[in-house]
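A closer look at the structure
Here's the letter readout for the chains.
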Amino acid sequence: MTEKVRKRRDAIINVAFLAMVFGLIFLFFKYCFGIASPFIVSFFFAVILQKPLRWLDKRTKNKCHGLMSILLVFFCLLIILGPVVLILTLIGREISNFIGFISEQLNDIPNMLATLQNELIKFLDFLPEDIYTTVSDSLTQFFGRLINNFSMDALDELGVDIKSIATGLTTGISGVYSVVKNIPSILIGVVIGVVAWIFFTKDYRYIVNFIKLQLPDSKKNLLSDFKQIFSDTVLKMIKAYALIMFITFCELFIGFTILNAIGVSNNNYAAIIAAGIAIFDILPVAGSGGILIPWMIISLIMGNVGQAIGLLVIYIVISVIRQYIEPKIVGTSLGVHPIVTLAGLYFGLKLFGFMGMFIVPITVMTIKAFNDAGRIHLYTSPDRN
């Protein structure tokens, strides 16, 4: 077998191996993750509780290991469920009020369109008189139809598909109905997850040792390696960006509160808008500017120069602080290119729904961490220098 043929064979084997790995990952998340999620989540929480449980065992000399496991799990449930229920209740109420606020603002669209028409006509004043007259007349007729009728025909000219919007709303309502209808099964999953959490916490060492015994000698340390690599890379990265998200939320909330206090803005939903922008800010490429900049432009069109300047200042402050704190908080990056993260978000949403936007990027980061550590050999990274 020649060297050229051998290289081709190796390349085909590597491609087939990659396809098999990603195929198995896809099948797991598509068909198994939802079913196995109570056990996966409960095992993850059981791992977290091992350190405090060992401390309690040391204090009680291992005489109450089972009881300490149960008490620790229920103590964590009280800590988690209390604030979560309160926060979800507050968020639900605020979102309901915010939707009503947006509906009211949509009634101002004709005024906004009239302002936009006047600004465009003023902007085009540099054109020759004949062209200016033709263009301004066309703009006046176009905006006149939008303002006076605001009909489906006028919206169609803007490329707004009313049927698609109606279909989307129907789908959304159906989705909410499906969630409500499945509440009993969700509750069963939660109960099973809590029970599994207790068993995983109590018998963690036995379960881990059992799994290790089933592995070949060369893979005995696989679980320990996975835990170490995941906690040292992916988990730290998630914690770092969660902290950055919280800092961005605080900056936005303080900024919106100041704009309200000085009277250039009238925003009664500063917290919920700040939370939405902070989440959007984590997305690659887009960032907080994807919302603040269009908002600033609309404010200028509507004549609210003070709010536009305020939003610009907030955006500059967020960008400067983000550039300063991100290297310090995140530290050494996993080296996942933004286009890979962006593709992970998109394909995750398309393949697995909303949760896929989080699952796929985290999976990609985990694969990257294992590949860099030499535990797996899926690909070779090029030198960026």
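Residues numbered from 1 in each chain as written. Predicted model: local features only at pLDDT ≥ 70, side-chain atom pairs only at ≥ 80, totals over all residues. Heavy atoms only, no water.

1. Considerations on the confidence of the model for the chain
Taken over all residues, the pLDDT of the chain has a mean of 75, while the share at 70 or more is 73%. Under a pLDDT of 50 for its full length, residues 151-155 has, in the predicted model, seven contacts with residues more than four places off or in other chains. This model gives residues 157-162 a pLDDT under 50, and the stretch forms eight contacts once residues within four places in sequence are excluded. (pLDDT = per-residue confidence, 0-100. Contact = heavy atoms within 4.5 Å.)

2. Some words on the packing of aromatic side chains
Following the criterion strictly, the structure yields six aromatic pairs and no others. Members of the aromatic cluster, connected to one another through ring pairs, are Phe 43, Phe 200 and Tyr 204. (Phe/Tyr/Trp six-rings, centres within 6.5 Å; stacked < 30°, edge-to-face > 60°.)

3. Some words on helix 14 (residues 356-373)
The terminal C-alpha atoms of helix 14, which comprises 18 residues, lie 25 Å apart, in line with the 26 Å expected from a rise of 1.5 Å per residue. Buried residues of helix 14: Gly 356, Ile 359, Val 360, Pro 361, Thr 363, Met 365, Thr 366, Ile 367, Lys 368, Ala 369, Phe 370 and Asn 371, and no others. Gly 374 sits one or two residues past helix 14 and shows a positive phi near 80 degrees. (Helix = DSSP H or I, 4+ residues; strand = E, 2+ residues; numbered from the N terminus. Expected span 1.5 Å × (residues − 1). Buried < 20%, exposed > 50% of the residue type's maximum accessible area, 1.4 Å probe, protein only.)

4. Side note on the side chain of Ser 299
As for its position among the elements, Ser 299 is in helix 11 (residues 289-301). A polar side-chain atom of Ser 299 sits 2.8 Å from a polar atom in the side chain of Gln 307. Those residues within four positions of Ser 299 in sequence are excluded, and the remaining contacts are Asn 304, Gln 307, Ala 308 and Leu 311. (Polar contact = N/O pair within 3.5 Å; in protein donor to acceptor, adjacent residues only side chain to side chain.)

5. Focus: the side chain of Thr 248
Position of Thr 248 among the secondary structure elements: in helix 9 (residues 222-261). Not counting residues within four places of it along the chain, the set of residues in contact with Thr 248 comprises Ala 278, Asp 281 and Ile 318.

6. Some details on the environment of Asp 125
Here Asp 125 lies in the loop between helix 3 (109-123) and helix 4 (129-148). For Asp 125, a relative accessible area of 54% gives the class exposed. Linking Asp 125 and Ser 136, residues eleven residues apart in sequence, is a C-alpha distance of 9.2 Å.

7. Considering the packing of helix 1 (residues 3-60) against helix 14
Viewed as axis vectors pointing N to C, helix 1 and helix 14 meet at an angle of 145 degrees, and their least axial separation amounts to 13 Å. Between helix 1 and helix 14 the crossing geometry is right-handed. Counted together, Phe 22, Ile 25, Phe 29 and Phe 33 of helix 1 and Ile 359, Thr 363 and Ile 367 of helix 14 form the full contact between these two elements. Of the residues contributing to the contact of helix 1 with helix 14, the split by class is six nonpolar, one polar and no charged. (Axes fitted to C-alpha atoms, helices over the stretch in contact; angles between N-to-C directions. Left-handed = near helix turned anticlockwise from the far one by under 90°. Nonpolar A, V, L, I, M, F, W, Y, C, P; charged D, E, K, R; others polar.)

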